[in-house]
Amino acid sequence: MAASLDEPERFAVLFDRHAPTIHQYVARRLGRDAADDVTAETFLTAFRIRARYDSGRAGVRPWLHGIAAKLISRHRREEVRALKLLARTGHDPVAETWTDSADDRVTAQAASRPLAKALAALSEGDRHALLLFAWADFTYQEIAEALDIPVGTVRSRLNRARRKLRATTAPYSPLDPHAPEGDPA
């Protein structure tokens, strides 16, 4: 990162290395259309503030995801709207490409509506922490760095989010033969 201050073209290496994962994460949160813009804005912001990057951090990945998370917050309404649409329709075009086997598709479709509804109902902070953990494979420390919060807060947010998701989705588990079919609402 520091080298890019004297030679800005070296920032391209950072972009090449991390843009695909940032884009995938943002696409999962906001959809493909917004992901292009938010990813570009993430790296534009990172480039502009690169002099403020703390080289004592564990890595640049949490820093970049933190920037993306702040930008995602601006698009929160679109995210909640998409989750509510998924809850109503059960159709998730982003996740479709991730699901290869028929068994996975059946399980994912059965769980997608109540899960999307539960995700939409989470607070923004809880949703950020949970999705960085689940979709970006971040450690608690990386989530803390990305969101600029203490690790203890990450633990609390994840615990609360998991509890809420379990309470909301458990009655509709695709693995439960007694679970009701269809939308829980």
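Criteria and cut-off values
- Residues numbered from 1 in each chain as written.
- Predicted model: local features only at pLDDT ≥ 70, side-chain atom pairs only at ≥ 80, totals over all residues.
- Heavy atoms only, no water.
- Phe/Tyr/Trp six-rings, centres within 6.5 Å; stacked < 30°, edge-to-face > 60°.
- Helix = DSSP H or I, 4+ residues; strand = E, 2+ residues; numbered from the N terminus.
- Buried < 20%, exposed > 50% of the residue type's maximum accessible area, 1.4 Å probe, protein only.
- Lys NZ or Arg CZ within 6 Å of the ring centre and 35° of its normal.
- Salt bridge = Lys/Arg side-chain N within 4 Å of Asp/Glu carboxyl O.
- Axes fitted to C-alpha atoms, helices over the stretch in contact; angles between N-to-C directions.
- Parallel < 35°, antiparallel > 145°, perpendicular 65-115°, else oblique.
- Left-handed = near helix turned anticlockwise from the far one by under 90°.
- Contact = heavy atoms within 4.5 Å.
- Expected span 1.5 Å × (residues − 1).
- Arc of directions from axis to C-beta.
- pLDDT = per-residue confidence, 0-100.
- Core = buried A, V, L, I, M, F, W, Y, C linked by side-chain atoms within 4.5 Å.

1. Considerations on the packing of aromatic side chains
With the rule as written, the count across this model stands at five aromatic pairs. Between the aromatic rings of Phe 11 and Phe 47, the centroid separation amounts to 5.2 Å while the plane-to-plane angle is 75°, which identifies the pairing as edge-to-face. A residue pair is termed long-range when its members are at least 10 positions apart, and Phe 11 in helix 2 (residues 11–30) and Phe 47 in helix 3 (residues 32–48) qualify at 36 residues. By relative accessible area, Phe 11 is classed as buried at 7%. On the basis of relative accessible area, Phe 47 is assigned to the partly exposed category, the value being 29%. Through a chain of ring-to-ring contacts, the aromatic side chains of Phe 11, Phe 15, Phe 43 and Phe 47 assemble into a single cluster. Between the NZ or CZ atom of Arg 50 and the centre of the ring of Phe 47, over which it lies, the distance is 3.8 Å. Of note, Arg 162 hangs over the ring of Phe 133, and the distance from its end group to the ring centre comes to 4.9 Å.

2. Thoughts on the pattern of salt bridges
Summed over the entire model, instances satisfying the criterion amount to three salt bridges. A salt bridge links Glu 7 to Arg 10; its shortest N-O distance comes to 4.0 Å. On the accessibility criterion, Glu 7 (37% relative accessible area) is partly exposed.

3. Some remarks on the packing of helix 3 against helix 4 (residues 60–74)
One can describe the packing of helix 3 onto helix 4 by two numbers: an axis separation of 9 Å at closest approach and a directional angle of 125°. For the element pair helix 3 / helix 4, the angle class is oblique. Helix 3 and helix 4 meet at a crossing whose hand is right-handed. Residues Val 38, Glu 41, Thr 42, Phe 43, Thr 45 and Ala 46 of helix 3 lie in contact with helix 4, whose contacting residues are Trp 63, Leu 64, Ile 67, Ala 68, Leu 71, Ile 72 and Arg 74.

4. Structural notes on the side chain of Thr 42
Mapped onto the elements, Thr 42 comes out in helix 3. According to the relative accessible area criterion, Thr 42 is buried, its value standing at 0%. What Thr 42 contacts, discounting residues up to four positions off in sequence, is Ile 22, Leu 64, Ile 67, Ala 68 and Leu 71.

5. Concerning helix 8 (residues 124–135)
Counted at 1.5 Å a residue, the expected span for helix 8 with its 12 residues is 16 Å, and the 15 Å between its end C-alpha atoms agrees. The set of residues buried in helix 8 consists of Gly 125, Asp 126, Arg 127, His 128, Ala 129, Leu 130, Leu 131 and Leu 132. Asp 137 occupies a position one or two residues after helix 8 and carries a positive phi of about 55°.

6. Let's talk about helix 3
With 17 residues, helix 3 extends 24 Å from end C-alpha to end C-alpha; this agrees with the ideal 24 Å at 1.5 Å per step. Buried residues of helix 3: Ala 34, Ala 35, Val 38, Thr 39, Thr 42, Phe 43 and Ala 46, and no others. Around the axis of helix 3, the buried residues are gathered within 155° of arc, so they sit on the same side. Among the exposed residues of helix 3, those oriented more than 90 degrees off its buried face are Asp 33, Asp 37 and Arg 48. Those residues of helix 3 hidden inside the fold are in contact with helix 2 and helix 4.

7. Looking at the confidence of the model for the chain
Of all residues in the chain, 76% attain a pLDDT of 70 or more, and the chain-wide mean is 79. Every residue in residues 97–103 is under pLDDT 50, and counting partners more than four places away or in other chains gives six contacts. Across residues 175–185 the pLDDT falls below 50, and counting only partners more than four positions away or on other chains, this stretch makes 12 contacts in the model.

8. Section: the nonpolar core
Val 26, Trp 63, Leu 64, Leu 132 and Ile 143 are the most contacted members of the largest nonpolar core, which has 47 residues in total. Within the residue set of this core, elements represented by two or more residues are helix 2, helix 3, helix 4, helix 5 (76–89), helix 7 (102–121), helix 8, helix 9 (140–147) and helix 10 (151–169). Those residues in contact with Ile 143, other than ones at most four positions away along the chain, are Ala 129, Leu 132, Phe 133, Phe 138, Val 154 and Leu 158.

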